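# Chain and residue survey
Here is how the chains run, residue by residue.
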Amino acid sequence: MMEQVAVILPIALPLATMAISLLAWNSFAAQEVIGVAGSALLLLSAAALMWLVDRDGILVLQVGSWPAPFGITLVADRLSSIMVMLAALVMFAVSVYSLATIDDRRVDYGFFPLIQLLLMGVCGAFLTGDLFNLYVWFEVMLIASFVLLTLGGERGQLEGAIKYVALNLVSSAAFLAAIGVIYAATGTLNMADLAVKLRSFPDEGIVSVLAMLFVIAFGTKAAVFPLFFWLPASYHTPPVAVSAIFAGLLTKVGVYSLIRAFTLLFVTDLEFTHNLLLLIAGLTMVTGVLGAMAQTEIRRILSFHIVSQIGYMLMGLALFTPLALAGSVFYIIHHIVVKTNLFLIGGVVERRFGSGRLAEIGGLQHSMPVLAILFFLSAMSLAGIPPLSGFFAKLTLIRGGLETESYAIVAAALVVSLLTLFSMTKIWAEAFWKPAPNVDVPIVSVNSLSPLRRLALLGPIVLLVTVTVGIGLLAGPVMTMSYATAEQLLDSGAYIEAVLPDYQDPAFLRDETHP
Amino acid sequence: MDIALAVTVGGLYAAGIYMMLRRSVVKLLIGLGLLSHAANLLIFTAGGLVRGRVPVVSDGQSQPLAEIADPLPQALILTAIVISFAVLAFALVLIYRTHQTLGTDDLDQLKATDT
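Looking up chain B in an unreviewed UniProt entry gives the name Na(+)/H(+) antiporter subunit C, with the organism given as Stieleria neptunia. What UniProt states about chain B under its Subcellular location (unreviewed entry) heading is, verbatim, "Cell membrane". Per UniProt, the comment on chain B under Sequence similarities (unreviewed entry) is "Belongs to the CPA3 antiporters (TC 2.A.63) subunit C family."

Per an unreviewed UniProt entry, chain A is named Na(+)/H(+) antiporter subunit D, and its organism is Stieleria neptunia. Recorded in UniProt for chain A, the comment headed Sequence similarities (unreviewed entry) runs: "Belongs to the CPA3 antiporters (TC 2.A.63) subunit D family."

Put into structure tokens, the structure is as follows:
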């Protein structure tokens, strides 16, 4: 019973928080308190879920006691529980941060309920065991993100939103078409059931077509090459708190879905699918980092880096060995924390100078030395300098690559890593090191905030830096956890057995409507 | 009947993509609408077409005697229609606001956030 509650809580808690903060529509203070308290509770429930999954293995909730594949299934395995935990952490940090940064007009239009809705979609996507439900959770998440992206209605936001909305709707249409075809081919949408049926599917051609449709649908959402261009066009336009939560979570839902689909469903033709993924991973890394090098604005640089790092996460999936997949999982853990944090720091810089353009800012090393240290730690972690978390993530991926003798991708990963270091030092040198420029920019001191708001501004950054450094220092246990996750992902038999306890029963495999 | 629906789906996809490749934001939106309709119709066709057989299991039976119309694709489409309706409604408001703010509906002029 407790296990089943733990599986549903990450979806139910944001929903409840959203509903309660809608009731408090007229009071900003109440919405803020409810938002932060809801996120904190979610963090606790995510930790409980992780602990239970670690203790009991895969947890399954058959909604309404309809057995799979007939009912709706929620599944929490190690990967899901880690992703839910990270989502809760990012959400907590961002909802505290937004107390100090979101203006009253946006709160008035429902910022706090919206981020809870977004989180509900994200957690639902991580926990569902059914393709059509995945589509629905995607849409819940997308609709919330559309509104968050345009909230405020500034010029740049609207332009970015048109691209973001159009591309995401196209990928949803592709996903829906893929669902239709896969249902026609197999007569089921439950992922465990699909895994059984696709393994013994007679027509390999159809399976390859389906795999490609899913690459397009999830790849667009994950912003892989060549489908990423909506991301750098839109992610730097909304308020920083929104950018940060998008950067941390939304593309990772696409990556999670790719990992799920290509470890559970499409594993029959590795030669074709995973080599293609490897090519996509390499190109994503390189184009992302080259795009970042051409940029001169903090948030634009960081947006392009999201693209390049999606490549690393795919690399581990494409190599498809336990070690490489463990590298992917480690990379996701590291990336979500660090990337959110860099956006939050970029937000503080932008707040101070009223601009994120590197030419117009400078001298922060003297005026805000603590922020400089926090940025330095996060940036070096992103670039992969030991002993921070990024180093171990990249090391594992590169070892995985060497193990399978995929030297081209290893070379690409190393070069991209070097170029990442270059763009991080660029931000460091321009924003922190060089003297402040003598242009007429109104410099807003962060000290003018009330002490409580200052804590809300800097507290989340300190928290996330602590987590990054912690992951680096505790790399051993985190690595053990990632490795166990990878092994669980590769052992699809356990997943199938957890969801369909009696799938050998021929009654479950009968197929009247689809001869 | 399958063939006719398949051709319709193909036509809708073609028209949708053609509309999306035009420069006007309004046509982009029409294209998106056509795409989602095409996907819905694709699910409907792919789910198997059975004429006039309701999915009811008669008394005393554990499974239907004759071939039935599969209700699941129709449930899926119903959900998808609702979602695409909501999203298109949002997109309509978005392009209205964009036109108000920018004074143009030409996609080629929405370049301020490009890189």
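That covers the picture; the talk isn't over yet.
## Quick look at the overall build of chain B
If you tally the helices and strands in chain B, you get 3 helices and 0 strands. Ordered by position in the sequence, the α and β elements of chain B form the string α-α-α. By the compact-globule yardstick of 13 Å for 115 residues, chain B is too spread out, its C-alpha radius of gyration being 20 Å. Dimensions along the principal axes, computed over C-alpha positions, put chain B at roughly 65 × 25 × 25 Å.

## Looking at the packing of helix α14 (residues 322-353) of chain A against helix α20 (residues 475-490) of chain A
All names here are of chain A. The interhelical angle for the contact between α14 and α20, taken along N-to-C directions, is 120 degrees, at an axis separation of 8 Å. Put simply, α14 runs oblique to α20. The two elements α14 and α20 meet at a crossing, and its hand is right-handed. Counting all contacts with α14, which are made through P322, L323, L325, A326, V329, F330 and I333, the residues of α20 involved are A475, V478, M479, M481, S482, Y483, T485, A486, E487, L489 and L490. Looking at the contact of α14 with α20 residue by residue, the class counts come to 15 nonpolar, 2 polar and 1 charged.

## Quick notes on the confidence of the model for chain A
Of the residues in chain A, 96% have a pLDDT of 70 or more, and the chain-wide mean is 88. Confidence drops under a pLDDT of 50 for residues 506-515 of chain A, and excluding neighbours within four residues, the segment shows 19 contacts in the predicted structure.

## Description of empty space enclosed by the protein
Summed over all chains, the structure comprises 6 cavities of 30 Å³ or more. Lining the largest cavity are 14 residues, with L169, S172 and A173 of chain A together with S36 and S84 of chain B positioned closest to its centre. Grouping the amino acids of the lining of the largest cavity by side-chain chemistry returns 9 nonpolar, 4 polar and 1 charged. Here the second largest cavity is characterised by a volume of approximately 70 Å³.

## Quick look at unusual backbone geometry
Glycine aside, a negative phi is what most residues show, and trans is what most peptide bonds show. Residue and element names in this part refer to chain A. Between F225 and P226 the backbone carries a cis peptide bond, its omega angle lying at -5 degrees. Counting through the fold element by element, P226 comes out in the loop between α9 (204-222) and α10 (230-234). That bond from P386 to P387 is cis: its omega, 5 degrees, falls within 30 degrees of zero. Mapped onto the elements of the fold, P387 is located in the loop between α16 (369-383) and α17 (389-403). For F320, which is not glycine, the phi dihedral falls at a positive 60 degrees. Residue placement: F320 occurs in the loop between α13 (298-319) and α14. One non-glycine residue, E405, lies in the positive phi region at around 60 degrees.

## Thoughts on the nonpolar core
With 217 residues, the main nonpolar core has L131, F175, F246 and F266 of chain A as its most contacted residues. Not counting residues within four places of it along the chain, the set of residues in contact with F246 of chain A comprises L118, S145, L148, L149, Y164, Y235 and T251 of chain A.

## Thoughts on the UniProt feature "domain: NADH:quinone oxidoreductase/Mrp antiporter transmembrane" (unreviewed entry) in chain A
Taking the numbering used here, the UniProt-annotated feature "domain: NADH:quinone oxidoreductase/Mrp antiporter transmembrane" (unreviewed entry) corresponds to residues 129-420 of chain A. End-to-end, the C-alpha atoms of residues 129-420 of chain A are 36 Å apart, and along that stretch the chain is 81% helix and 0% strand.

## Remarks on the pattern of salt bridges
All names here are of chain A. Scanning all chains against the criterion turns up 15 salt bridges over all chains. Note that R55 and E3 form a salt bridge whose closest N and O atoms lie 3.6 Å from each other. Taken as a pair, R55 in helix α2 (residues 28-56) and E3 in helix α1 (residues 2-23) lie far apart in primary sequence, 52 residues in all. Of the residues examined, R55 reaches a relative accessible area of 46% and is grouped as partly exposed. Under the relative-accessibility criterion, E3 is labelled partly exposed at 22%.

## What about the interface of chain B and chain A?
Taken together, the contact between chain B and chain A spans 40 residues of the former and 40 residues of the latter. With both chains or domains summed, chain B and chain A bury close to 3200 Å², and 76% of this area falls on carbon and sulfur atoms. Our enumeration of links across chain B and chain A arrives at 0 salt bridges. At the junction of chain B with chain A, the criterion picks out 1 residue pair in polar contact (both at pLDDT 80 or more). Mapped onto the side of chain B that touches chain A, the elements with two or more residues apiece are α1 (2-20), α2 (25-46) and α3 (71-102) of chain B. Considering each element in turn, the side of chain B that touches chain A owes the most residues, 16 residues, to α3 of chain B. For the side of chain B that touches chain A, the class distribution of residues is 26 nonpolar, 9 polar and 5 charged.

## Considerations on the UniProt feature "transmembrane region" (unreviewed entry) in chain B
All names here are of chain B. Under the feature "transmembrane region" (unreviewed entry), the UniProt entry names residues 28-50 and 75-96. Measuring from the first to the last C-alpha atom of residues 28-50 gives 35 Å, for a span that is 83% helix and 0% strand. For residues 75-96, the helix share is 100%, the strand share is 0%, and the end-to-end C-alpha distance is 32 Å.

Procedures and definitions
Residues numbered from 1 in each chain as written. Chains lettered and ligands numbered in written order. Predicted model: local features only at pLDDT ≥ 70, side-chain atom pairs only at ≥ 80, totals over all residues. Heavy atoms only, no water. UniProt positions renumbered as here; feature names shortened; annotations may be inferred. Helix = DSSP H or I, 4+ residues; strand = E, 2+ residues; numbered from the N terminus. Rg over C-alpha atoms; globule rule 2.2 N^0.38 Å. Axes fitted to C-alpha atoms, helices over the stretch in contact; angles between N-to-C directions. Parallel < 35°, antiparallel > 145°, perpendicular 65-115°, else oblique. Left-handed = near helix turned anticlockwise from the far one by under 90°. Contact = heavy atoms within 4.5 Å. Nonpolar A, V, L, I, M, F, W, Y, C, P; charged D, E, K, R; others polar. pLDDT = per-residue confidence, 0-100. 1 Å grid on protein atoms, 1.4 Å probe; cavity = no way out; pocket = protein on both sides within 12 Å on 5 of 7 lines; lining within 4 Å. Points joined across faces, edges and corners; volume = space filled by probe spheres on them. Core = buried A, V, L, I, M, F, W, Y, C linked by side-chain atoms within 4.5 Å. Buried < 20%, exposed > 50% of the residue type's maximum accessible area, 1.4 Å probe, protein only. Salt bridge = Lys/Arg side-chain N within 4 Å of Asp/Glu carboxyl O. Buried area = accessible area lost by both parts, 1.4 Å probe. Polar contact = N/O pair within 3.5 Å; in protein donor to acceptor, adjacent residues only side chain to side chain.

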